[in-house]
Amino acid sequence: MTPRGDHKATPGRGLSSAPRLAFYAINLDRSKERWTSLERLFGSLPWPLHRVRAIDGRKEPEAALAVRGLSITLPPEGIGWNPFRAKIYTIVEEACFASHVLAWREFLASDNDHAVILEDDAVPMTGMVDTLSALLSCGVPLEYVKLEGKTSPGGRTAIPVAGFGAATLVRSLRPSFGAAAYLIS
């Protein structure tokens, strides 16, 4: 990663000091309609959209295990025990996580400063371009920002950090487990 300010100009991307961002969407080969929907919803944003081929845990369990060098320890499909959910962690769950790891690796191999990782059922929030632009230029150091969530009475405790129009950046004391959309640096 290059320090902010050492960026080279990218044709069609504006100022050379603007942080580079790309979207990486995880999509199963058998879910072509979801990819079509992602292209329609996110393809016109000012940042590139890349498809990351998801690993299908039912069809290619070996590929899912290979990403992190794991093996089945609780047959027939258990990778291990998940103490947070009090259940067996399965090959299908590992395939989902391994697909995110592949998206991270693709991002890290790029010259982008930030990535939005999407699952293929994600939908953009209203004002997403303005929100992301403001978030990337706000001066708050970002490593991981979930781009999903909802406010509900009695919900998760969160400390507001900054407002971005309809969206609020918060520090959550109990983050949700969802991973439909998140920003990483």
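What you see is a predicted model; the values in this text were computed from it and never measured. (Residues numbered from 1 in each chain as written. Predicted model: local features only at pLDDT ≥ 70, side-chain atom pairs only at ≥ 80, totals over all residues. Heavy atoms only, no water.)

Considerations on the overall build of the protein chain
Then comes step 1: Across its full length, the protein chain holds four helices and nine strands.
Then comes step 2: Beginning at the N terminus, the succession of helices and strands in the protein chain can be written as β-α-β-α-β-β-α-β-α-β-β-β-β.
Then comes step 3: Buried residues in the protein chain amount to 36% of all 185 residues.
Then comes step 4: Of all intrachain contacts in the protein chain linking residues separated by at least 6 positions in sequence, the fraction that spans at least 24 positions is 65%. (Helix = DSSP H or I, 4+ residues; strand = E, 2+ residues; numbered from the N terminus. Buried < 20%, exposed > 50% of the residue type's maximum accessible area, 1.4 Å probe, protein only. Contact = heavy atoms within 4.5 Å.)

Digging into a nonpolar patch on the surface
Then comes step 1: Where nonpolar side chains cluster on the molecular surface, the patch consists of Leu74, Trp81 and Ile88 and spans about 300 Å² of accessible area.
Then comes step 2: With respect to the element layout, isoleucine 88 can be found in strand E4 (residues 87–90). (Patch = residues over 30% accessible without salt bridge, like charges linked within 9 Å, V, L, I, M, F, W, Y side chains within 5 Å. Areas by Shrake-Rupley, 256 points an atom, 1.4 Å probe, with all protein chains shown as cover. Salt bridge = Lys/Arg side-chain N within 4 Å of Asp/Glu carboxyl O.)

So, the packing of aromatic side chains
Then comes step 1: On inspection of all chains with the given rule, the structure shows five aromatic pairs.
Then comes step 2: Ring geometry for phenylalanine 23 against phenylalanine 42: centres 5.9 Å apart, planes inclined by 40°, an arrangement best described as tilted. With phenylalanine 23 in strand E1 (residues 21–27) and phenylalanine 42 in helix H1 (residues 32–42), this pair connects stretches of sequence that are 19 residues apart.
Then comes step 3: You can call phenylalanine 42 buried: its relative accessible area is 1%. (Phe/Tyr/Trp six-rings, centres within 6.5 Å; stacked < 30°, edge-to-face > 60°.)

Some words on unusual backbone geometry
Then comes step 1: In this chain, proline 75 is followed by proline 76 through a cis amide linkage whose omega measures 10°.
Then comes step 2: Tracing the backbone shows proline 76 in the loop between helix H2 (61–68) and strand E3 (78–82).
Then comes step 3: Within the chain, alanine 86 stands out as a residue other than glycine whose phi angle is a positive 55°.
Then comes step 4: The residue alanine 86 is located in the loop between E3 and E4 in this model.

Looking at H2
Then comes step 1: Within the sequence span of H2, burial applies to Ala64, Leu65 and Val67. Within H2, the buried residues cover an arc of 150° as seen down the axis, which keeps them to one side. Across from the buried face of H2, at angles greater than 90 degrees, the exposed residues are Glu62 and Ala66.
Then comes step 2: Elements in contact with the buried residues of H2: E3 and helix H3 (91–108).
Then comes step 3: Directly after H2, the chain includes glycine 69, whose backbone phi takes a positive value near 70°. (Arc of directions from axis to C-beta.)

Side note on the confidence of the model for the protein chain
Atom-level detail of predicted coordinates should not be read off regions where pLDDT is low.
Then comes step 1: Overall, the predicted model of the protein chain reaches an average pLDDT of 83, with 84% of residues at or above 70.
Then comes step 2: The low-confidence segment residues 1–16 (pLDDT under 50) makes 22 contacts with residues lying over four places distant or belonging to another chain. (pLDDT = per-residue confidence, 0-100.)

Quick look at the environment of valine 67
Then comes step 1: Mapping valine 67 onto the fold places it in helix H2.
Then comes step 2: Valine 67 sits in the buried class, given a relative accessible area of 13%.
Then comes step 3: In sequence terms valine 67 and alanine 95 are 28 residues apart; their C-alpha atoms lie 8.9 Å from each other.
Then comes step 4: Discounting chain neighbours no more than four positions away, the residues touching valine 67 are Ile55, Ala98, Val101, Leu102 and Arg105.

Structural notes on the sheet that holds E1
Then comes step 1: In space, the five strands of this open sheet follow the order E2-E1-E5-E9-E6, with mixed pairing throughout. Each of the sheet's edge strands pairs with one partner strand only, and the pair in question is strand E2 (49–53) and strand E6 (144–146). Neighbour-to-neighbour, the strand axes of this sheet turn through a mean angle of 25°, independent of strand direction.
Then comes step 2: Here E6 pairs with strand E9 (residues 181–184) via three bridges, running antiparallel. Paired with valine 145 across the bridge in E9 is leucine 183.
Then comes step 3: Those strands touched by helix H4 (residues 128–136) are E1, strand E5 (114–119), E6 and E9, and its axis lies near 125° from that of E1. (Pairing = 2+ DSSP bridges. Axes fitted to C-alpha atoms, helices over the stretch in contact; angles between N-to-C directions.)

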